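# A look at the structure
Listed below are the residues making up each chain.
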Amino acid sequence: MAIKIPKKPSNKPKTHPENALQVDLSPAKGHSSVGEYIPFIDKLSLIIKPENEEHAHQIHSNIWKQFADKDVFQFAGADASKGYQSAQLIALASTHHRPLLQYRSDGKLAHKLRLELNPRKIGFQGLVELHSVLTSVIPDGWPYVIEHGRISRIDVAVDIPDVRMDEFLFLPEHPTKVMRWLVNGHLESLTHGVKKANQTLIYSIKKKRLAKAQPWAGKSVIRVERRLRKPKEAKLAELATMQNPFASLVMTENIPGPPAGEKDWQWSMFQDSVNVRGLACALALLPSDRRTKYRQHLKKHQQPWWHPKAIWDNWPGMLESLKLDDPKAFK
């Protein structure tokens, strides 16, 4: 099968068509209904291996010629090249976001390609442009990724407006490692889990932007993000039936009154422990029976703005707007 070499995409500034085609996935300003919170993919990493030896030979024979076009392929740096023979950022005309393409060969045959992108930032128009670039590297472009790519990592997130990090408690399902970052006594972010496994991150977008000297207008917004490595849904075509990654997350009041029959001083000591150590560590210090009692009590006082099922009901519509899993959209 011959690999199609399309005309080089222009990188010159132009009126960005994403104003018409790219869907704004952020919550509507001033809205607080959980039904309006739209989940999105903040990062997507894919491993693509050639279907057969013929494709492996064609890709290897062609890819270095394409990487020579520096208007499109731009060196990503030494760190990105570790474990690969080349790492290139792909310039797209409609967005400043540049997907990362890493390449490794085995002799004169392509062994694998790794593609990393932020679907939310490039939108459908950017994906169309990425498809055009990929057709110069792999057979059939993006449909080949849909058929032969495997998801190695996917970050699924949702933004919740008008909420601050100090206004709720995160109740982990399992006592995995929890890291908390505080500034001037105020919680800015927390991470549950370790880097090599699945993680939950909750942080203030406002604080993050201001720390980078980026402009911010309006009230606080928190982001709840699930970083999933080698998910069960390994192919793009399986994303439509992906299990809700937020389903087990519990956000409670900060802090409700004591459980029935609990002494005020005991609950007050627990509250002090939460303020110093965080909820997960404070619970871990309790005797088993009291820990169970406190967890059950906290679950009865969940925040009304956190509704994982209502959030996940918006997942199919978000996927449809991007068409990540639809090969017909790129024919």
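What comes next is a walk through the structure. (Residues numbered from 1 in each chain as written. Predicted model: local features only at pLDDT ≥ 70, side-chain atom pairs only at ≥ 80, totals over all residues. Heavy atoms only, no water.)

## A word on the overall build of the protein chain
A count of helices and strands for the protein chain gives 11 helices and 12 strands. Sorting the 331 residues of the protein chain into buried and exposed places 50% on the buried side. Contacts spanning at least 24 positions in sequence make up 69% of the contacts within the protein chain whose residues lie at least 6 apart. Carbon and sulfur atoms make up 52% of the accessible area of the protein chain, which amounts to about 17100 Å² in all. (Helix = DSSP H or I, 4+ residues; strand = E, 2+ residues; numbered from the N terminus. Buried < 20%, exposed > 50% of the residue type's maximum accessible area, 1.4 Å probe, protein only. Contact = heavy atoms within 4.5 Å. Areas by Shrake-Rupley, 256 points an atom, 1.4 Å probe, with all protein chains shown as cover.)

## Regarding the nonpolar core
Buried together is how nonpolar side chains tend to be arranged in soluble globular proteins. Ranked by size, the top nonpolar core spans 62 residues in total, and within it Trp 142 and Trp 306 carry the most contacts. Not counting the four nearest positions on each side in its chain, Trp 142 is found in contact with Leu 46, Leu 115, Leu 117, Leu 127, Leu 130, His 131, Leu 134, Leu 236, Leu 324 and Phe 330. (Core = buried A, V, L, I, M, F, W, Y, C linked by side-chain atoms within 4.5 Å.)

## Overview of the sheet that holds strand 10 (residues 199-204)
On the basis of which strands lie adjacent, the open sheet formed by 10 strands has the order 2-3-4-5-1-6-11-10-9-8 and antiparallel pairing. Each edge of the open sheet carries a strand with a single partner, namely strand 2 (73-75) and strand 8 (178-183). Averaged over all neighbouring strand pairs, the angle between strand axes comes to 20°, with direction disregarded. (Pairing = 2+ DSSP bridges. Axes fitted to C-alpha atoms, helices over the stretch in contact; angles between N-to-C directions.)

## With respect to the pattern of salt bridges
Per the counting criterion, the structure on display carries 14 salt bridges. The shortest N-O distance in the salt bridge between Asp 159 and Arg 223 comes to 2.7 Å. Separated by 64 residues along the polypeptide, Asp 159 in strand 6 (residues 149-161) and Arg 223 in strand 11 (residues 221-229) bring together distant segments of the chain. For the pair formed by Asp 159 and Arg 223, the shared burial category is buried. Residue Lys 293 is joined to Glu 262 by a salt bridge in which the shortest nitrogen-to-oxygen separation is 3.0 Å. Remark: Glu 262 occurs in the loop between strand 12 (250-252) and helix 7 (264-277) and Lys 293 occurs in helix 9 (residues 288-299); sequence separation between them is 31 residues. Each member of the salt-bridge network shares a partner with another, and the members are Arg 153, Asp 155, Glu 225 and Arg 227. (Salt bridge = Lys/Arg side-chain N within 4 Å of Asp/Glu carboxyl O.)

## Some remarks on helix 7
The terminal C-alpha atoms of helix 7, which comprises 14 residues, lie 20 Å apart, in line with the 20 Å expected from a rise of 1.5 Å per residue. Looking at the buried side of helix 7, the elements it contacts are strand 7 (169-171), strand 8, helix 8 (279-284) and helix 9. The first or second residue beyond helix 7 is Gly 278, which carries a positive phi of 95°. (Expected span 1.5 Å × (residues − 1).)

## Structural notes on the packing of aromatic side chains
Counted by the stated rule, this structure contains 11 aromatic pairs. Between the aromatic rings of Phe 124 and Phe 330, the centroid separation amounts to 6.0 Å while the plane-to-plane angle is 55°, which identifies the pairing as tilted. Taken together, the residues span a long stretch of sequence, with Phe 124 in helix 4 (residues 119-134) and Phe 330 in the segment after helix 11 (315-322) at a distance of 206 residues. Pair check on accessibility: Phe 124 and Phe 330 agree, each one buried. Pairing Trp 267 with Tyr 294 gives two aromatic rings, centres 4.8 Å apart and planes at 75°, and the pair type is edge-to-face. One end of the pair, Trp 267, is in helix 7; the other, Tyr 294, is in helix 9, with 27 residues separating them in the sequence. (Phe/Tyr/Trp six-rings, centres within 6.5 Å; stacked < 30°, edge-to-face > 60°.)

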